[in-house]
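The primary structure of each chain is shown beneath.
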Amino acid sequence: MGERRTMPVEGGLDHSIALLKEGYHFILNRRDRYDTNVFKTKLLAQDAICLSGKESATLFYDTNYFRRSDAAPKRLKKTLFGQGGVQGLDGEEHRHRKAMFMSLMTKDALEEISNITKKQWKQAAKNWESEKEIILYEEAKQVMTKVACAWTGVPLPERDLAKRAEQLADMFESAAAIGPKHWKGRKARASAEKWIEDLIENVRNEQLAVSPDRALYTFSWHKDLEGNLLDKKTVAVELLNLLRPIVAIAVYVCLTGLAIHQFPNVVAKLESGKDKDHQWFIQEVRRFYPFFPFAAARVKKDFTWNGFSFEEGTLTLLDLYGTNHDPKIWENPYSFQPERFHEWKGSPFDFIPQGGGEFDLGHRCAGEWITLDIMKVSLKFLIHQIDYEVPKQDLSLSMVKMPSLPESKLVIKNIKCV
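A few points on the structure. All residue numbers here refer to positions counted from 1 along the written sequence of the relevant chain. Since the coordinates come from a predicted model, pLDDT governs what is reported: local features require at least 70, and pairs of side-chain atoms require 80 or more to be given and counted, while whole-chain, interface and lining totals use all residues. To obtain the side-chain values, all non-hydrogen atoms of the structure were used and water was disregarded.

### Some details on the side chain of T314
In this structure, T314 sits in the loop between β7 (308-310) and β8 (315-319). What T314 contacts, discounting residues up to four positions off in sequence, is D47, A48, I49, A297, R298 and V299. Labels follow the DSSP assignment, with helices taken as runs of H or I lasting at least four residues and strands as runs of E lasting at least two, numbered in each case from the N terminus. Throughout, a residue-residue contact means that at least one pair of heavy atoms, one from each residue, lies within 4.5 Å.

### A closer look at the nonpolar core
As a rule of thumb, soluble globular proteins bury nonpolar side chains together. Here, nonpolar core refers to any group of buried Ala, Val, Leu, Ile, Met, Phe, Trp, Tyr and Cys residues whose side-chain atoms link them within 4.5 Å. Here's how the labels work: a residue is buried when its accessible area is under 20% of the maximum for its type, exposed when over 50%, partly exposed in between, all with a 1.4 Å probe on protein chains only. Counting residues in hydrophobic clusters, the biggest one holds 87 residues, and the most contacted among them are W121, W151, I196 and F281. With 19 residues, the top contributor of residues to this core is helix α11 (residues 232-262).

### Remarks on the pattern of salt bridges
Every case where a carboxyl oxygen of Asp or Glu lies within 4 Å of a side-chain nitrogen of Lys or Arg is listed as a salt bridge. For the coordinates displayed, the defined rule picks out 26 salt bridges. Among the ionic pairs, K380 bridges to D275, the shortest N-O distance being 3.4 Å. Pair noted here: K380 is in helix α15 (residues 368-385) and D275 is in helix α13 (residues 275-288), with a separation of 105 residues, a long-range link. When its relative accessible area of 26% is taken as the criterion, K380 is described as partly exposed. Taking relative accessible area as the criterion, D275 reaches 39% and is therefore assigned partly exposed. Three or more residues joined by partner-sharing salt bridges are found here, namely E10, E22, R30 and R33.

### Some thoughts on helix α5 (residues 91-102)
Given a helix with a known number of residues, its expected span is that number minus one, times 1.5 Å. The first and last C-alpha atoms of α5 sit 16 Å apart over twelve residues, in line with the 16 Å expected at 1.5 Å per residue. Of the positions making up α5, those classed as buried are H94, R97, K98, M100, F101 and M102. Packed against the buried residues of α5 are α10 (215-220), α11 and α15.

### Considering the packing of helix α7 (residues 136-152) against helix α8 (residues 161-173)
All axes are obtained by fitting lines to C-alpha atoms, using only the stretch in contact for helices, and the reported angles, taken between N-to-C directions, cover 0 to 180 degrees. Taken N-terminus to C-terminus, the directions of α7 and α8 make an angle of 105°; their axes are 9 Å apart at the nearest point. Looking at the two axes, α7 sits roughly perpendicular to α8. Of the residues in α8, those in contact with Y137, K141, Q142, T145 and K146 of α7 are L161, A162, R164, A165, L168, A169, F172 and E173. Nonpolar residues are Ala, Val, Leu, Ile, Met, Phe, Trp, Tyr, Cys and Pro. Charged residues are Asp, Glu, Lys and Arg, and all others, Gly as well, are polar. Residue composition of the contact of α7 with α8, by class: seven nonpolar, two polar and four charged. Roughly parallel refers to an angle under 35 degrees, roughly antiparallel to one over 145, roughly perpendicular to one between 65 and 115, and oblique to any angle outside these ranges.

### Quick look at the sheet that holds strand β9 (residues 386-389)
Note on pairing: DSSP must find at least two bridges between two strands before they are called paired. The three strands lie next to each other as β4-β10-β9, forming an open sheet whose pairing is antiparallel. Each having just a single partner strand, β4 (133-135) and β9 make up the two edges of the open sheet. Put simply, the sheet's adjacent strands are angled 45° from each other on average, direction ignored.

### Structural notes on the pairing of strand β2 (residues 46-51)
Taken together, the six bridges between strand β1 (residues 38-43) and β2 define a ladder with antiparallel strand orientation. Looking across to β2, one finds that K40 is bridged to I49. Linkage of β1 to β2, two consecutive antiparallel strands, is achieved through a turn of two residues, within which L44 is found at a positive phi near 55°. Relative to β8, β2 runs parallel, the two being bridged by four bridges. Along β8, the bridge assignment pairs L51 with L318.

### Points about the sheet that holds β1
The five strands are arranged β1-β2-β8-β5-β3 in an open sheet whose pairing can be described as mixed. Across the chains shown, the open sheet's two edge strands, defined by having one partner strand only, are β1 and β3 (66-67). Here β3 pairs with strand β5 (residues 294-299) via two bridges, running antiparallel. Residue pairing for β5: R67 is matched across the bridge by R298. Those strands touched by helix α2 (residues 26-34) are β1, β2, β5 and β8, and its axis lies near 130° from that of β1.

Okay, structure coming up:
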């Protein structure tokens, strides 16, 4: 794959602490320092290759050269991903399991989740009218938990709402944490898996009736390549791989509210109600603000790319945030300009807030369409269906905390339904 070159290498014994301190800017800072989209560093006491940009993303999502089975740190499996889930599979096993998720992404199913979201926002707004103020992020987590459970067929008694919302959120809020917060995430993961395993057992014993078009039913009866039902723990992990990301859309809801507040001139263009304007706005929210910092894989076999040698087993990180702010791809990348998506051609490798590649065969997030539909409904709700005020507060974004949220989590007050 080309004449050999020496890959830039960051000196030093290990840079894991620097990664924690620099967060979303870790790879981007070194990309600029070394003037390269490919460099090698040391993380977690091992060699790690860092990639950034469209060309690198195209390589990273080529399953001929990278595998996912042993890429995620154990800490993430204990909190964010769970063990045995689709993110860690490769080859035919991955394609078969991914098809289970993609079977849910029908036009009717996506329309239904939009309608559920509209209903839940409307109900929430009625409750907010009697409140002096609310914290949008905290409220959004509960709304998204209701949406996720209703759409997947998971029973959710009202008395359990706060508990389940906290459990599901703890799994992604603790992903990059250390100490007590990490252990809180592990406890939430274990408790949530037990909750879902009990539901799966009841479905299989016909003690819980659930519609066949719901994920709870589909996943409970899914069979592997050998024709065997998945074990309950794996099914629970995969069902949580739907519930948890839907609840995580609360992060995007909060960032959408922040964008509405920070860019009123842009919001004014949305008053026309044109669908394309709303679509461009939410896409720019996803590009502009930090969400996932990077994706991880390991080199599947020795190969050379653009003159650089990649050795089998090497941990490799793709810079999602940096690629979404690459000046070679995006003009004025640190300006909020939704109209840029008018010219965007829909490449799976240059706009990658939730990962890149193809949906059906690759590791691109199966729920990205859900994210877009829920964000669009939520944007219209915040702009067209309620009036509110944003009091003075700390709206600074941390580029180290993951997920990154405004410090105040966006307080709004004097809420009235329109």
